[in-house]
Amino acid sequence: QVQLVESGGGLVQPGGSLRLSCAASGRMFSINDMAWYRQGPGNQRESVASITAGGSINYADSVKGRFTISRDNAKNTVYLQMNSLKPEDTAVYYCNLANYYWGQGTQVTVSS
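Presented here is a report on the structure given in the accompanying data block. (Residues numbered from 1 in each chain as written. Predicted model: local features only at pLDDT ≥ 70, side-chain atom pairs only at ≥ 80, totals over all residues. Heavy atoms only, no water.)

### A word on a nonpolar patch on the surface
Filter applied, for reference: The patches reported here contain residues having more than 30% relative accessible area and no salt bridge. Joining distances are 9 Å for like charges and 5 Å for nonpolar side chains (Val, Leu, Ile, Met, Phe, Trp, Tyr). The Shrake-Rupley method, run with a 1.4 Å probe, gives the accessible areas here. Residue values count only the displayed protein chains as cover. By salt bridge we mean one thing: a side-chain nitrogen of Lys or Arg within 4 Å of a carboxyl oxygen of Asp or Glu. Secondary structure counts use DSSP, requiring at least four H or I residues in a row for a helix and at least two E residues in a row for a strand, with both numbered from the N terminus.
The grouping of V2, Y100 and Y101 at the surface amounts to a nonpolar patch, some 300 Å² of accessible area in total. Examined against the element boundaries, V2 turns out to sit in the segment before β1 (4-7).

Spelled out as structure tokens, the structure:
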């Protein structure tokens, strides 16, 4: 049984930073692709960043240069470092494992 638990969300001012974490259960974390998605108010869920088991990384154009995805296989954890945050980054951020399993999400609000 796979469980994903996101943490690190909260309220931050524009230009600020947050680091999201997603802790995964299971023994096969290291061989699976991971990704972060987000869904803002009234918007569709969209992919933000992904990292494959081999370490290949992709970002949405809207976050390139500001967000960094990484993974620590020893800790079964994937991270999303978010810098230079903008109000339009406000969303619930979801962790995804193997294009199949989802966490419950963590709220990120960028506002003064």
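Don't stop here, the text continues.
### Digging into the pairing of β1
Convention followed: In this scheme, a residue with accessible area under 20% of its type's maximum is buried, one over 50% is exposed, and one in between is partly exposed, where area comes from a 1.4 Å probe on protein chains only. Note on pairing: DSSP must find at least two bridges between two strands before they are called paired.
Every second residue of β1 is oriented toward a common face, the buried set being L4 and E6 and the non-buried set V5 and S7. Here β1 pairs with strand β3 (residues 18-24) via four bridges, running antiparallel. Looking at the pairing, L4 lines up with A24 of β3.

### Let's talk about the pairing of strand β8 (residues 77-82)
With five of six residues buried, β8 lies mostly within the body of the structure. Here six bridges tie β3 to β8, and the two strands are oriented antiparallel to one another. Its bridge partner being in β8, A23 is matched across the sheet by T77. The hairpin turn running from strand β7 (residues 67-72) into β8, its antiparallel successor, is four residues long, and N76 in that turn takes a positive phi close to 50 degrees.

### Considerations on the sheet that holds β7
Using the following cut-off: Orientation is described by lines fitted to C-alpha atoms, with helices fitted over the stretch in contact, and by angles between N-to-C directions that extend from 0 to 180 degrees.
Strand order in the open sheet made by the four strands is β1-β3-β8-β7, with antiparallel pairing throughout. The open sheet has two free edges, formed respectively by β1 and β7, since each of these has just one partner strand. Within the sheet, the average angular offset between the axes of one strand and its neighbour, ignoring direction, is 15 degrees. Two strands pair when backbone bridges link them, and β7 and β8 are joined in this way by six bridges, in the antiparallel orientation.

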